[in-house]
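Now for the letters of each chain:
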Amino acid sequence: MSDLLKLFLPTDLGGERRNNGRYEQFKYHYWGYSKVPANISEAKPLEASIPSAHRQNITGISHRPLRPRRLCLLQDDGIEIVNVDEWETLHGSLEYLFICYIANQFDTNEEKDELHRIAEAAARRAGVDAYWVGCSCMPEDEELVEDVYRISDVVRGAHALVVIVGPSRTSGPDTRQMLRELGTRMWTFPEVLLSSSKHPISIYVRGCDTDSFWTLSKRNFAKEAWGDALVSREFIDHYEGSIVLSPLELVSIALQCLPTRHTKKYFEGDLSYALMGLLRRRPKVNQADSAFEAFCRLSLANDSDQLLERLICMLPRATDLPWHEIDDFWGSQLWDIEPLCQVVGLGGEDTVILSGAFGAPIRWKSFEPVNLLMRNTVKRGVAKVVLRSTPLWSITGIALLASSKSKGGDYIVVTVIGWIITGLYLLVILASPYLIYSLYVGKTWAAQPWLFGFEGHMEIGEIETLIFGINLGRLRWSPYSSNLSTHEARDGECVGQDPIQTQSTAESAYTAQNSEYGELKLFTLVDTNTLTVTLFKAVRPPVAMVLCGSEGGMQRALLCSYDWKTQTLYRESVLRVETLVLEHMSRVDRFRLGLERPEVETVEFSS
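Going by an unreviewed UniProt entry, the protein chain carries the name Heterokaryon incompatibility domain-containing protein and comes from Penicillium coprophilum.

Structure, rendered in structure tokens:
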């Protein structure tokens, strides 16, 4: 019967049902090659044709050395620098000390001679045959590049760690100040962490008697030398075995400790190369990589824990924070996020290529009529039939009156029926406001999913009027979706509030009205699926919402702008949206993502 009525009754006043009740599909696919693919079959044809024995070099996995290349071997009359492989082939394994120092405390040749004198005395006292010190045991050819980043493996094989400090222009003669200066260096941090826990760390001071050294355990070294002992002590506990950190916790804490330390920069990726010494698998050093790309290589090499997939779901507290500062606005850690997608390669230019996320486009052009699903009650059914059949009644009544005669005769019955039908038509017209109210007012069980966006702020009642034609309180402010969302407890329930009521947000909204190119602006996102409105800040209007992970019962949604010149999506902001959104989105097969969009130079023209 309903199908029969559709043939001659008008359609609903609301919008059409689209995509089987799902969001619009985000029609985007990245067709380019990965700079570093996760799977060798996706490499460029020239690289894919490389024999399998050499394919590992494409992904950049380097081998860990079993022993150091050179050692300072103790002799009766001094030391001799020997090739370890050649010496151990003839005489067997060597026990050696690892000498930890920093270059600016031993600048001159005389100071380096003193460094060797103390190291030799420490080795003889420890009863070992040799020691390793960077100024003499590092190669001077192309192997230097790899060995700089594999010192961690030399530390692992050492009998014990010896720290030698000396006065410098910054530390002065104070011994503890010298030690704290050494503790501020990036490369000394993993050296202490990875040293043997069976022996305490011996500390010598240049210019003092070698018998006046003192010792520190690892746990006490953190307090004496490191300014971030509260955080770095967790590393000490991990490597001493009292607390075992998961790989995600280890990386997260390392990204808090390493960037605060100083180093002489060899390459842009030094931070990641220092971090890789703490992990089992490490990429080959690539001079052309940026810091982020080096971390991507490290993540691909050790990606059972999906470091990158979790990292991209974080919302930094400030837009100018570097990518490695894991300071999520909502206080989440890497291990709190469960990824929905997977990194399939390094995209180049500080981008990664992902696959499997869920996404939908955001409509900025205008609002669209939204189809609503409401319960089919008897009252609503009667109102629908009566309202939609009024054109038929009016045509029938007018036709009957037109065909009848004005006086008596056989047409009196037709005339009466015509007036009755016309009268009913007039009654329906008079009652139409109430009937329309009955038809379209009531609880909304579902709505056609749309994502509408516009710049600035608007009262929620006005937004609802523009979308649904009338303000019935269907829309609500999201309580904790963005970094601007606010909420309050009302009758024991969490109710979202208009963020503009907060003074700081109101000031941001006023500032955003006159913001210039490259500065933060205020945007509003309306989701008709969850019937929520969210206010957020971004530099550019995002073209799509991409769900990449879940956390705390919510989905982490990346709001991304699009650079058509490079086919790249750039993260503008991150929202926490309801899981219901995920069920109505389609997957994005393959997309190229960057965390920070480069600002294009603009030229101002004047007449």
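J.: I tried to follow the overall build of the protein chain on my own but got confused; where do I start?
T.: Within the protein chain, the regular secondary structure consists of 21 helices and 27 strands. The burial tally for the protein chain puts 49% of its 607 residues in the buried class. Residue pairs in contact within the protein chain that sit at least 24 positions apart in sequence constitute 66% of those at least 6 positions apart. When the accessible surface of the protein chain is split by element, carbon and sulfur atoms take 53% of a total near 31000 Å².

J.: Before we go on, may I ask you to explain the packing of aromatic side chains in this structure?
T.: Within a pair of aromatic rings, the relevant descriptors are the distance that separates the centres and the angle that separates the planes. Within this structure, the stated rule accounts for 17 aromatic pairs. Taking 5.6 Å as the distance between ring centres and 75 degrees as the angle between the ring planes, the aromatic pair formed by phenylalanine 292 and tryptophan 323 counts as edge-to-face. Of the two residues, phenylalanine 292 sits in helix 15 (residues 291-301) while tryptophan 323 sits in the loop between helix 16 (307-311) and strand 11 (338-339), which places them 31 residues apart along the sequence. Per residue, the accessibility class of phenylalanine 292 equals that of tryptophan 323, and both read buried. Members of the aromatic cluster, joined through ring pairs, are Phe189, Phe221, Trp226, Phe235 and Tyr239. The ring of phenylalanine 106 carries the charged tip of arginine 206 above its face, separated from the ring centre by 5.3 Å. The cationic tip of arginine 474 hangs over the ring face of phenylalanine 468; the distance from NZ or CZ to the ring centre is 5.6 Å.

J.: How should I be thinking about the pattern of salt bridges in this particular structure?
T.: It is possible for side chains of opposite charge to pair when their charged atoms get near one another. Inspection of every chain in the model, using the stated rule, returns 26 salt bridges. Note that glutamate 88 and arginine 67 form a salt bridge whose closest N and O atoms lie 2.7 Å from each other. Here the residue glutamate 88 occupies a position in helix 4 (residues 84-91), and arginine 67 occupies one in the loop between strand 2 (61-62) and strand 3 (70-75), the gap between them amounting to 21 residues. Relative accessible area serves as the criterion here: at 15%, glutamate 88 is assigned to the buried category. A salt bridge links arginine 297 to aspartate 289; the nearest nitrogen and oxygen atoms lie 2.4 Å apart. In this pair, the class of arginine 297 matches that of aspartate 289, namely buried. Each of the salt bridges in this network shares a partner with another, and the network as a whole consists of Lys35, Asp289, Glu293 and Arg297.

J.: Would you mind showing me how to read the sheet that holds strand 17 (residues 451-455) here?
T.: The pairing of strands in a sheet happens through backbone hydrogen bonds and is either parallel or antiparallel. Strand order in the open sheet formed by 4 strands is 17-21-22-18, with mixed pairing between adjacent strands. The open sheet is flanked by strand 17 and strand 18 (476-477), the only strands paired with a single partner. Taken together, the 2 bridges between strand 18 and strand 22 (residues 532-538) define a ladder with parallel strand orientation. Each bridged residue has a counterpart across the sheet, and for tryptophan 477 the counterpart in strand 22 is valine 533. Running at roughly 50 degrees to strand 21 (residues 521-527), helix 20 (residues 460-468) makes contact with strand 17, strand 18, strand 21 and strand 22 of the sheet.

J.: Is there a simple way to think about the pairing of strand 24 (residues 554-563) in this case?
T.: The side chains of a regular strand alternate between the sheet's two faces. Taken across its 10 residues, strand 24 has 9 buried, putting it largely inside the fold. In the sheet, strand 23 (residues 544-551) pairs with strand 24 via 7 bridges, with the strands oriented antiparallel. Across the sheet, residue glutamate 551 finds its bridge partner in strand 24, namely methionine 554. Once strand 23 ends, the chain turns through 2 residues before running back antiparallel as strand 24, passing glycine 552 with a positive phi of about 60 degrees.

Cut-offs and rules
Residues numbered from 1 in each chain as written. Predicted model: local features only at pLDDT ≥ 70, side-chain atom pairs only at ≥ 80, totals over all residues. Heavy atoms only, no water. Helix = DSSP H or I, 4+ residues; strand = E, 2+ residues; numbered from the N terminus. Buried < 20%, exposed > 50% of the residue type's maximum accessible area, 1.4 Å probe, protein only. Contact = heavy atoms within 4.5 Å. Areas by Shrake-Rupley, 256 points an atom, 1.4 Å probe, with all protein chains shown as cover. Phe/Tyr/Trp six-rings, centres within 6.5 Å; stacked < 30°, edge-to-face > 60°. Lys NZ or Arg CZ within 6 Å of the ring centre and 35° of its normal. Salt bridge = Lys/Arg side-chain N within 4 Å of Asp/Glu carboxyl O. Pairing = 2+ DSSP bridges. Axes fitted to C-alpha atoms, helices over the stretch in contact; angles between N-to-C directions.

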